[in-house]
Structures are given as C-alpha cells and as structure tokens.
Amino acid sequence: MGAAVLSELATEIVVPVCAVIGIAFSLVQWVLVSRVKLTSERHASGGSANSNKNGYGDYLIEEEEGINDHSVVTKCADIQSAISEGATSFLFTEYQYVGIFMIAFAILIFLFLGSVEGFSTKSQPCTYDKEKTCKPALATAIFSTLSFLLGAITSVLSGFLGMKIATYANARTTLEARKGVGKAFIVAFRSGAVMGFLLAANGLLVLYIAINLFKLYYGDDWEGLFEAITGYGLGGSSMALFGRVGGGIYTKAADVGADLVGKVERNIPEDDPRNPAVIADNVGDNVGDIAGMGSDLFGSYAESSCAALVVASISSFGVNHEFTAMLYPLLISSAGILVCLVTTLFATDFFEIRAVKEIEPALKKQLIISTILMTVGIAIVTWIGVPTSFTIYNFGAQKVVKNWQLFLCVGVGLWAGLIIGFVTEYYTSNAYSPVQDVADSCRTGAATNVIFGLALGYKSVIIPIFAIAIGIFVSFSFAAMYGIAVAALGMLSTIATGLAIDAYGPISDNAGGIAEMAGMSYRIRERTDALDAAGNTTAAIGKGFAIGSAALVSLALFGAFVSRAAISTVDVLTPKVFIGLIVGAMLPYWFSAMTMKSVGSAALKMVEEVRRQFNTIPGLMEGHAKPDYATCVKISTDASIKEMIPPGALVMLTPLIVGTFFGVETLAGVLAGALVSGVQIAISASNTGGAWDNAKKYIEAGASEHARTLGPKGSDPHKAAVIGDTVGDPLKDTSGPSLNILIKLMAVESLVFAPFFATHGGLLFKIF
C-alpha cells in the first residue's frame with residue numbers, strides 16, 4: 001500500500017503552523033482596519049506625502065462636502081457604539097441561556113454513552129474488530145462530553161469575535177466611503193477577512209490540539225479516539241443552531257418592523273434616524289448575519305472534519321496507524337488557509353477598485369481565484385499526505401482507493417461549491433434577468449411580486465441539486481462515505497475567503513445605515529448602497545455554500561451513523577424505515593413554520609411599538625425629538641430569546657426520542673427524509689428572499705432605464721417591492737439558513753449517540 005510522502009513529524013508541524021499563520025494574518029488585517037480613526041483629530045505628521053495606494057495616510061475629513069467634519073465623525077462613533085453595545089448585550093443574554101443548555105446536554109451525553117456498558121471501566125472488544133480490545137464506553141462518554149464542550153465554546157467564540165470585528169469596522173467603512181468606494185470596500189473586506197481567518201484557523205487549531213490530547217489517553221485505540229472527537233462537531237452545530245435561529249428572529253423582527261412602518265406607511269428612507277427600530281435593525285445584522293453565520297460555518301467545518309476522521313479511523317489509515325494520512329482532512333484545511341491568504345491579497349493589495357461597477361466582479365474573482373488555487377493545493381496535499389493506494393471502510397467491507405481518486409473527490413466538492421455559488425448569484429443578483437423579472441412584476445402590485453419570487457426560488461433549486469447529486473455520485477463511487485466527507489471538506493476548504501465575502505455584506509449594510517443616521521451626504525449613501533447591493537448577492541452565495549456543504553456533510557455523517565449503529569442496509573420498503581422517512585421529510589416544514597411564526601409575532605410587536613412612537617412622541621416625524629431606540633432593542637431581544645427555544649428543542653430532541661423509542665432503522669429514515677426535503681426548502685427560501693431584496697434595491701437604485709420606469713422610492717411598484725422584501729426577510733435570514741443546521745445537527749447527534757441507540761434503542765418495538 002505504501003506510505004505518505006509527508007512524515008508524521010512534518011504533519012505535527014505543518015497543521016499548527018498553518019493555523020498560527022491564519023491567526024497572525026487576521027491580526028495584521030485588524031491592525032490595518034484600526035488605522036482608520038474614529039476621531040476628527042488631525043495629526044501634524046500626516047499629509048499627502050504620506051498617502052499610499054489604499055489611502056491610510058490621507059486625512060479622513062478632507063472630502064466631506066460642506067458638513068461639519070467633527071460632528072459627522074462624532075455621530076458615526078456614537079452610532080457605532082450604540083450598535084456594538086446592543087449586539088454585545090444581546091449575545092451575552094443569548095449565551096447565558098445557551099450555556100445552561102450546553103451544560104445540561106453535556107450531562108445527557110455522559111449519561112447516555114456511559115450507560116452503554118453500565119458505566120463499566122473495563123476494556124471492551126472493538127466495534128469493528130472484535131479480536132482487538134478498545135477503551136471502555138465510559139471513556140467514550142467522558143471524552144465525547146469534553147469534545148462537545150470544546151466545540152460549543154469554540155463555536156460561541158467564533159460568533160462573538162465575528163460580531164465584535166463587524167461592529168468595530170462598520171463606522172470605519174462609512175468614514176472611508178467619503179474618500180471613494182475603493183477605500184470603503186477595502187476596510188469592509190479586510191474586516192470580513194479578520195473574521196474568516198480567525199474562525200478557520202481557530203477551528204483547525206482547537207481540533208488539532210484536541211486530537212493530540214485525546215491521543216495521550218487512547219494510545220493506539222484510534223477507533224475510540226475519533227468516535228469521541230465527533231462531539232466537537234455536535235458542540236459546534238448545536239451552538240450554531242441557537243445563534244442562527246435567535247439572531248435570525250432578532251434581526252428580522254427589527255427589519256420587518258422598521259420597513260413596514262418607516263418605508264411603507266411613513267414614506268421615510270431606510271435607516272432614517274427618526275425610525276425607532278433603526279438601531280435594533282442594525283444590531284440584528286451583526287447578531288444574525290455575522291455571529292449566527294460564523295457559528296454555522298464553523299459547525300459545518302467541524303462536522304465534515306469529524307465525519308472524515310471517523311470513517312478514516314476504521315479504514316487502513318486508522319488500522320495501520322498512519323498519522324499523516326489520518327490527518328488528511330486537517331491538511332486540506334491547512335492548505336485552504338494559505339490559499340485564502342494569497343486570494344485575499346488580490347482584493348486588498350494587488351488590484352484597486354475605482355468604480356462601483358468593479359465591486360461585484362472583485363468579490364466574484366475571490367471565489368474563482370481561491371477555487372483554482374485550492375485545486376492545486378488539494379493536488380499537492382493528496383500527493384504528499386496519503387499513500388498511492390489504501391483501503392476505505394465501506395459498510396462492512398474495505399474498498400481499495402487510489403490517491404488520484406481521493407483528489408477527484410475533494411475537487412468535485414470544491415467545484416460543486418463554486419457552481420452552486422454562481423447559480424445562486426444568477427438567481428439573486430439584480431444584474432440578471434430573474435431578479436429584473438421579479439422587479440418588473442411589481443408594476444401590478446405585491447401579489448404578482450410574491451408569485452414571481454416564489455417561482456424563482458423553486459426554479460433556483462434545480463442546478464444546485466444536480467451539482468450536489470453529481471458530487472455525491474462521483475465521490476461515493478471513488479471512496480465510499482469517506483469520499484463524500486472529503487467532498488464536503490473540499491467545498492469548505494476556502495472557508496476563510498467565503499466568510500470574508502459573507503461578513504463583508506452586513507458590514508457594508510451597517511455602514512450605509514450609519515451614513516444615513518449621521519446625516520452624511522447622499523453621495524456617500526450611494527457608495528455604501530453599492531457596497532451593500534454587492535454584499536447582498538455575496539451573502540446569498542455564502543448561504544448557497546453553507547447549504548451545499550450541509551447536504552454533503554450530513555450524508556457523510558449519515559453513513560458514519562449507519563456503520564456505527566451496525567445497520568447493514570436501510571430498506572425503504574420496511575415500515576420502520578418508511579415511517580421515519582416521511583416524518584423526517586416533514587420536520588423542515590415544522591421547523592420553518594416555527595421560525596417564520598416567531599419572526600411574524602415578534603415583528604407584530606415591533607410594528608405596534610414603532611407606530612406608537614410615531615403617534616405619541618411630538619416632533620418625531622419633523623426630526624425635533626429622538627425616538628426611544630432602547631424599547632425596540634428590548635422587544636427584539638426578548639422575542640428572540642423566548643422564540644429560539646422551541647425550534648432548538650425540536651431539532652435536538654427528535655434524534656433522541658426516535659432513536660430511544662423507535663430504534664436505529666427508523667432514525668436512519670428520519671435523517672434521510674430530513675436531508676432530502678431540508679436541502680430543497682433551504683435553497684428555495686434563501687434564494688426567494690435574496691431575489692425579493694435585490695428587486696427592491698434594483699428599483700431604488702434606478703441604474704437602468706427599466707428600473708427608472710418602476711421607481712422612484714415611494715412609487716406603487718416600489719411599495720410592492722418593499723412588501724416582497726419584507727415577506728422574504730424571514731425566509732432568507734431565519735428559516736433558510738437555519739435549515740442547513742437542522743439537517744447537519746440531527747445527523748451528527750445521531751452519530752454521537754449511536755452506541756446508546758444500537759444497545760438500548762427501539763424500546764417501543766421491543767415491548768410490542
């Protein structure tokens with residue numbers, strides 16, 4: 001079979017060094033962003049001689065048009081601090097509730113897994129090779145609990161750091177927009193890169209350290225070691241679920257309330273400081289789109305790594321104790337960090353953006369460059385990291401795989417991600433006909449807009465599903481379930497760039513809000529709107545990546561679960577499996593109904609409060625009185641904390657109830673059903689919402705002759721577009737993105753609890 005070119009010692013060095021490089025690069029980007037000062041003091045040492053290409057030597061104040069410089073900068077700083085405080089206080093409140101859940105669920109993991117062998121401390125025969133002895137089930141219980149807590153804490157930290165960086169950068173982006181769109185773009189993109197690299201590098205480093213620490217106890221029992229590591233993925237995704245749902249309810253309650261009363265009823269601009277919900281809306285961008293998304297993509301990364309490691313531990317890599325080949329998933333992620341580092345420099349240093357029309361192509365180039373470079377990176381890693389030939393566990397048999405086949409598995413995932421990204425862009429960008437058709441349908445009112453938008457969302461599912469299907473077929477044919485797990489990793493290998501592009505959107509959105517609230521000139525608002533419109537499309541691309549990778553990840557986890565639970569085949573014709581299948585397919589609808597209704601009821605309270613303030617605060621519409629922002633922030637916070645618990649409980653309890661009472665075969669059906677229906681709903685919901693949002697922006701911008709016939713702001717077609725956008729808000733930012741966590745989380749939870757379900761599950765069928 002041969003051995004890997006890269007020695008074990010070299011692997012021990014390469015993985016942590018790449019992670020440290022990623023962290024160092026993010027800190028460098030943060031320092032560059034922090035050079036934009038939120039003060040109006042002029043330093044004598046500055047001056048035009050000092051200015052460089054990206055403009056950090058320029059004065060911040062020089063190009064403002066006839067507005068008091070000092071007051072503008074002070075206002076920006078004040079607004080930024082209000083947004084930052086609101087986001088921090090919400091996340092702390094959310095994490096207190098989530099912390100209680102985390103401890104309770106950790107105890108549950110320990111009790112369920114410890115009871116498999118009656119809390120025995122004796123060694124036991126291994127699951128896949130009965131002639132060998134492995135560590136006791138109690139050890140798996142303890143270490144799974146530890147890795148769950150480790151994944152949960154890393155996930156929470158990823159979300160929190162992302163939010164802090166975004167709230168640090170939003171006002172700085174606004175101030176840089178006074179010098180030109182290029183300088184504002186660089187600040188927003190660099191800030192996104194800080195989050196992307198921190199998250200990718202932290203996820204890799206913590207996983208690497210955990211594996212090495214667990215190895216001290218497990219020794220040669222790699223089967224037990226990597227089974228315990230799966231808790232890391234479960235911890236990451238369970239926190240992401242609460243972050244996505246809680247943050248999504250928060251941001252959309254504020255957004256819907258602000259839009260319906262402000263734009264439709266009162267005819268005031270978006271982010272107008274007179275609107276009482278405006279601060280809550282901007283806080284929401286950070287807690288939902290930044291903190292929630294950060295935790296979500298960290299969860300995907302952790303789970304795809306864990307799925308690959310579990311399958312590899314019972315293949316020749318694990319049986320022969322080939323450490324370098326075993327850590328192949330981590331080597332891919334390490335190469336990804338280096339590739340993304342080079343890619344980021346293309347956006348910030350190698351090329352300069354001079355005009356609005358260059359923004360979206362620059363972001364798209366990031367995806368293309370990172371994918372091309374990563375293809376080379378995967379080839380190198382596969383050549384030096386795995387033997388030329390090896391075997392992979394395939395439902396009881398060992399399948400011989402060549403290293404070039406493994407390269408194709410990762411490559412197909414990587415390129416499928418790019419295809420999904422570009423299809424998503426085609427259906428959600430207002431540069432193409434699908435969104436322009438939706439905008440055109442606003443001529444005849446909100447009803448036709450809603451019909452066109454729904455049709456667009458359903459149609460946008462077709463190509464991504466074919467891309468995922470081809471990816472699954474190719475990777476499974478070459479390397480069984482391990483192939484699917486590494487295909488998911490391939491899709492997520494450029495996670496640092498993907499996150500940078502994704503985080504850029506909410507930062508630009510906030511920058512536009514701050515410009516409006518600070519009373520800056522319309523030209524600056526035009527620049528921030530252009531940044532935001534590009535960010536909207538890239539956010540949709542990011543969601544496409546997250547959903548595509550979730551489909552592959554959950555399928556890989558499903559395969560690992562079926563193997564661990566000792567199910568030889570999942571036969572759809574048996575009643576046990578079929579009832580699971582049909583119930584599983586229903587779960588995404590139930591979950592979506594919960595999250596949509598939560599947004600609706602929270603938005604109802606928000607609309608009533610905003611109306612009350614407009615009606616009862618004298619001089620508010622004239623701009624003589626200040627609205628009560630704090631009450632709106634409190635409505636969003638209270639609603640999201642209360643409403644995130646039922647959907648979270650549905651996802652977390654379903655595998656436990658089904659596995660315990662109905663057994664592993666029914667649970668396998670539930671997982672398959674949820675995966676198949678969840679992916680479709682998630683893609684259509686995200687794209688429908690994104691299309692409605694950009695149709696509204698298309699009319700507002702009035703950049704083409706066609707758009708001008710539908711406008712201006714306040715016209716009947718524009719009001720119809722705003723209603724479409726409002727309907728789409730919970731679809732694209734709450735239900736859609738949360739569904740990919742549902743399908744991953746149920747699969748990884750089933751895998752972690754598989755030993756318990758296989759031993760004690762199916763109580764109802766045992767009784768009858």
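Remember, it's a predicted structure, so these values are computed and weren't measured experimentally.

Participant: Would you mind showing me how to read the overall build of the protein here?
Facilitator: Within the protein one finds 24 helices and 4 strands. Its C-alpha atoms give the protein a radius of gyration of 26 Å, within 12% of the compact-globule value 27 Å for 768 residues. Overall, the C-alpha framework of the protein stretches about 80 × 60 × 45 Å when taken along its three principal axes. Looking at the protein as a whole, 64% of its 768 residues are labelled buried.

Participant: I would appreciate a short explanation of helix α3 (residues 137-176) in the present structure.
Facilitator: In this model α3 runs 57 Å from its N-terminal to its C-terminal C-alpha over 40 residues, within 8% of the 58 Å that 1.5 Å per residue would give. Helix geometry: α3 is bent most strongly at A169, by close to 30°.

Participant: Would you take a moment to explain the packing of helix α19 (residues 645-662) against helix α22 (residues 716-752) for this structure?
Facilitator: Angle between the axes and distance between the axes: these two values describe a pair of packed helices. One can describe the packing of α19 onto α22 by two numbers: an axis separation of 9 Å at closest approach and a directional angle of 35°. As α19 packs across α22, the resulting crossing turns out to be right-handed. The segment α19 lies against α22, with V651, M652, T654, P655 and L656 engaging L742, L745, M746, E749 and S750. Classifying every residue of the contact of α19 with α22 by side-chain character gives 7 nonpolar, 2 polar and 1 charged.

Participant: Can you help me understand the pairing of strand β3 (residues 389-394) in this one?
Facilitator: One face of the sheet, then the other: side chains in a regular strand alternate in exactly this way. The buried fraction of β3 amounts to 5 of the 6 residues, a majority that puts the element mostly inside the structure. Relative to strand β4 (residues 397-402), β3 is paired through 6 bridges, and the arrangement is antiparallel. Its bridge partner lying in β4, F390 is registered against V401.

Participant: Before we go on, may I ask you to explain the side chain of R564 in this structure?
Facilitator: Inspection of the secondary structure assignment puts R564 in helix α16 (residues 522-564). Residues within four places of R564 in sequence aside, it is in contact with T127, Y128, E227, L751, A754 and P755.

Participant: Could you clarify how one ought to interpret the packing of aromatic side chains in this entry?
Facilitator: The description of an aromatic ring pair uses the distance of the two centres, along with the angle that the planes make with each other. Tallied over the full model, the rule gives 30 aromatic pairs. Ring centres of F143 and F214 lie 4.8 Å apart, and the angle between their planes is 65°; this geometry places the pair in the edge-to-face category. Taken together, the positions of F143 in helix α3 and F214 in helix α4 (residues 181-218) put the pair 71 residues apart, joining distant regions of the chain. Of the two residues, F143 and F214, neither departs from the other in class, the shared state being buried. Three or more aromatic residues joined by ring pairs make a cluster, and in this case those are F101, F105, F112, F148, F242, F753, F756 and F757. Here R172 stacks its cationic end above the ring of Y168, 3.9 Å away from the centre of that ring.

Participant: I'm lost on unusual backbone geometry in this one. Help?
Facilitator: Most peptide bonds take the trans configuration, and most residues that are not glycine carry a negative phi. A positive phi angle is found at A480, which is not glycine, with a value near 50°. A relative accessible area of 1% means that A480 is categorised as buried. Non-glycine residue A566 carries a positive phi angle of around 60°. In this structure, A566 sits in the loop between α16 and α17 (575-616). Residue classification places A566 among the exposed residues on the basis of a relative accessible area of 68%.

Participant: Is there a simple way to think about the environment of E358 in this case?
Facilitator: Mapped onto the elements of the fold, E358 is located in the loop between α9 (328-350) and α10 (359-385). Expressed as a C-alpha distance, the spacing of E358 and V181, which sit 177 residues apart in the sequence, is 9.8 Å. Dropping the residues within four chain positions of it, E358 is found in contact with E352 and I353.

Participant: Explanation requested: the environment of Y218 in the structure shown.
Facilitator: Checked against the element boundaries, Y218 lands in helix α4. Separated by 479 residues in sequence, Y218 and K697 have C-alpha atoms that sit 56 Å apart. Among all residues touching Y218, those that are not within four sequence positions of it are K135, A139, T140, F143, G224, L225 and A228.

Participant: Please explain the nonpolar core as it appears in this structure.
Facilitator: In summary, soluble globular proteins display a tendency toward joint burial of nonpolar side chains. One finds F185, I229, Y328, I359, Y482 and F561 to be the most contacted residues of the largest nonpolar core, which totals 229 residues. In terms of residues, this core owes the most to one element, α4, which gives 21 residues. Residues Y427, A439, W692 and A720 belong to the second largest nonpolar core, which totals 18 residues.

Participant: Just to check I follow, could you spell out the environment of A87 for this structure?
Facilitator: For A87, the position within the fold is in helix α2 (residues 69-114). By relative accessible area, which is 0% here, A87 ends up buried. Aside from chain neighbours lying at most four places away, what touches A87 is M163, T167, V283, N286 and V287.

Participant: So what exactly am I meant to see when it comes to helix α18 (residues 629-643) here?
Facilitator: Owing to its 3.6 residues per turn, the α-helix aligns residues three or four sequence positions apart on the same side. The end-to-end C-alpha distance of α18, which contains 15 residues, comes to 21 Å, matching closely the 21 Å that a straight helix rising 1.5 Å per residue would cover. When α18 is considered as a whole, its buried residues turn out to be Y629, C632, V633, I635, S636, T637, A639, S640, I641 and E643.

Participant: What should I look at first to understand a nonpolar patch on the surface in this one?
Facilitator: Nonpolar side chains collect at one region of the surface, where V572, F578, I582, V583, M586 and W590 lie side by side and expose about 540 Å² of accessible area between them. Along the chain, M586 turns up in helix α17. Since its relative accessible area comes to 35%, M586 is described here as partly exposed.

Participant: What am I meant to see in the confidence of the model for the protein here?
Facilitator: Summary statistics for the protein give a mean pLDDT of 88 and a share of 96% for residues scoring 70 or more. When pLDDT is averaged over each element of the protein, helix α13 (residues 446-459) comes out on top at 96 and strand β1 (residues 124-125) at the bottom at 80. Predicted confidence is poor over residues 41-66, with pLDDT under 50, and the contacts of this stretch with residues over four places away or in other chains come to 53 contacts.

Participant: Got a minute to help me understand the packing of α10 against helix α11 (residues 403-428) in this structure?
Facilitator: Between α10 and α11, the least distance of the axes is 9 Å, while the angle of their chain directions is 175°. It follows that α10 is roughly antiparallel to α11 by the angle criterion. Of the residues in α11, those in contact with E360, K364, L367, I368, T371, I372, M374, T375, I378, A379 and T382 of α10 are N403, L406, F407, V410, G411, L414, W415, L418, F422 and E425.

What counts as what
Residues numbered from 1 in each chain as written. Predicted model: local features only at pLDDT ≥ 70, side-chain atom pairs only at ≥ 80, totals over all residues. Heavy atoms only, no water. Helix = DSSP H or I, 4+ residues; strand = E, 2+ residues; numbered from the N terminus. Rg over C-alpha atoms; globule rule 2.2 N^0.38 Å. Buried < 20%, exposed > 50% of the residue type's maximum accessible area, 1.4 Å probe, protein only. Expected span 1.5 Å × (residues − 1). Bend = angle between axes of the 7 residues up to and from the residue. Axes fitted to C-alpha atoms, helices over the stretch in contact; angles between N-to-C directions. Left-handed = near helix turned anticlockwise from the far one by under 90°. Contact = heavy atoms within 4.5 Å. Nonpolar A, V, L, I, M, F, W, Y, C, P; charged D, E, K, R; others polar. Pairing = 2+ DSSP bridges. Phe/Tyr/Trp six-rings, centres within 6.5 Å; stacked < 30°, edge-to-face > 60°. Lys NZ or Arg CZ within 6 Å of the ring centre and 35° of its normal. Core = buried A, V, L, I, M, F, W, Y, C linked by side-chain atoms within 4.5 Å. Patch = residues over 30% accessible without salt bridge, like charges linked within 9 Å, V, L, I, M, F, W, Y side chains within 5 Å. Areas by Shrake-Rupley, 256 points an atom, 1.4 Å probe, with all protein chains shown as cover. Salt bridge = Lys/Arg side-chain N within 4 Å of Asp/Glu carboxyl O. pLDDT = per-residue confidence, 0-100. Parallel < 35°, antiparallel > 145°, perpendicular 65-115°, else oblique.

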